[in-house]
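Report on the structure
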Amino acid sequence: MGTVIMHSVVSVDGFIADKNDDVGPLHDWYFSGDTPITGDADPEYDHSGAGSPFKVSRASAEYVRPAWAAIGTTVMGRHLFDLVNGWEGRPPAGDHVVVVSHRPKPEGWHPEASYHFVDSVTAAIDKAQELAGDRVIAVNAGEVGGQILAAGLVDEVAMDVVPVVFGSGKRYFGSIDGQLLLEDPHVVVQGDRVLHLSYKVRR
């Protein structure tokens, strides 16, 4: 079974976007260096949304490259799917996407893409494990990610912490209620305008 890793870029005060879903400077580090993250990215779809490829510091590239290469399936909520139109059927990493939604896949939307719509977080992880095999399941942070963590289905929490304070907005852990303990970070990588951290969830 693949490791389930909840992940996102996040402000130092715990937000993944402002209330209008604007990420502000959170993704600036993707363009702050001279080292491409991957040479295998789909050249026909601009995942950056900026019209230029991701180029990061060498330290960030050495962390991000193997992390992205290990992903088999991504789990996301319907809100993010709608915001990015499912990356037009071409996820930034991995081969499959599972969307947690009470609405079905839009009719006629990229029938060639391995996108699967389920109506609960437990069904999402079950489907993601089936699709990923031994590869990593990457869970997008936010409301759905927080629900999956609260359900005890997350193995690790990974954060790309950017030195900015949002004050309010969309929380990394969503509206999770209650305490959960994590282990000490087993990954600490200092990049350019970002600190990469990863914590195993304490069982």
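Right above here is the structure, for reference.
Everything numeric here is computed off the predicted structure, so don't read it as measured data.

Quick look at the sheet that holds strand 8 (residues 136–140)
- One open sheet holds the eight strands; their spatial order is 7-6-5-8-1-9-12-11, and the pairing between them is mixed. Every interior strand has two partners, whereas the edge strands, strand 7 (115–118) and strand 11 (187–190), have only one. Ignoring strand direction, the axes of neighbouring strands in this sheet form an average angle of 20°.

Overview of the environment of R203
- Tracing the backbone shows R203 in the segment after strand 12 (195–200).
- Residue classification places R203 among the exposed positions, given a relative accessible area of 63%.
- Between the C-alpha atoms of R203 and R58, which are 145 residues apart in sequence, the distance is 34 Å.
- Contacts of R203, omitting those with residues within four sequence positions, involve G152, V154 and D155.
- Within polar-contact distance, the side chain of R203 engages the backbone oxygen of G152 at 3.4 Å.
- A polar atom in the side chain of R203 sits 2.9 Å from the side chain of D155.

Here's the deal with the packing of aromatic side chains
- Counted by the stated rule, this structure contains nine aromatic pairs.
- An aromatic cluster of at least three residues, connected via ring pairs, comprises W29, Y30, F31, F54 and W68.

Looking at the nonpolar core
- Ranked by internal contacts, the top residues of the largest apolar core, which has 27 residues, are V75, I137, V139, I148, V154 and Y172.
- Going through the elements one at a time, strand 1 (4–11), strand 6 (96–100), helix 3 (121–132), strand 8, helix 4 (143–150), strand 9 (156–162) and strand 12 are the ones with two or more residues in this core.
- It is helix 3 that contributes the most residues to this core, five residues altogether.
- Apart from residues lying up to four places away in sequence, I148 is in contact with V75, V121, I125, V139, L153 and V154.
- The next biggest cluster of nonpolar side chains, apart from the first, holds 23 residues, and it includes I5, V64, A93 and V194.

Looking at the environment of I71
- Along the chain, I71 falls in strand 5 (residues 71–77).
- Taking the C-alpha atoms as reference, I71 lies 11 Å from Q129; in sequence the two are 58 residues apart.
- Dropping the residues within four chain positions of it, I71 is found in contact with A93, G94, R135, V136 and A138.

Each value, and the rule that gives it
- Residues numbered from 1 in each chain as written.
- Predicted model: local features only at pLDDT ≥ 70, side-chain atom pairs only at ≥ 80, totals over all residues.
- Heavy atoms only, no water.
- Pairing = 2+ DSSP bridges.
- Helix = DSSP H or I, 4+ residues; strand = E, 2+ residues; numbered from the N terminus.
- Axes fitted to C-alpha atoms, helices over the stretch in contact; angles between N-to-C directions.
- Buried < 20%, exposed > 50% of the residue type's maximum accessible area, 1.4 Å probe, protein only.
- Contact = heavy atoms within 4.5 Å.
- Polar contact = N/O pair within 3.5 Å; in protein donor to acceptor, adjacent residues only side chain to side chain.
- Phe/Tyr/Trp six-rings, centres within 6.5 Å; stacked < 30°, edge-to-face > 60°.
- Core = buried A, V, L, I, M, F, W, Y, C linked by side-chain atoms within 4.5 Å.

That is the geometry; function is a separate question.
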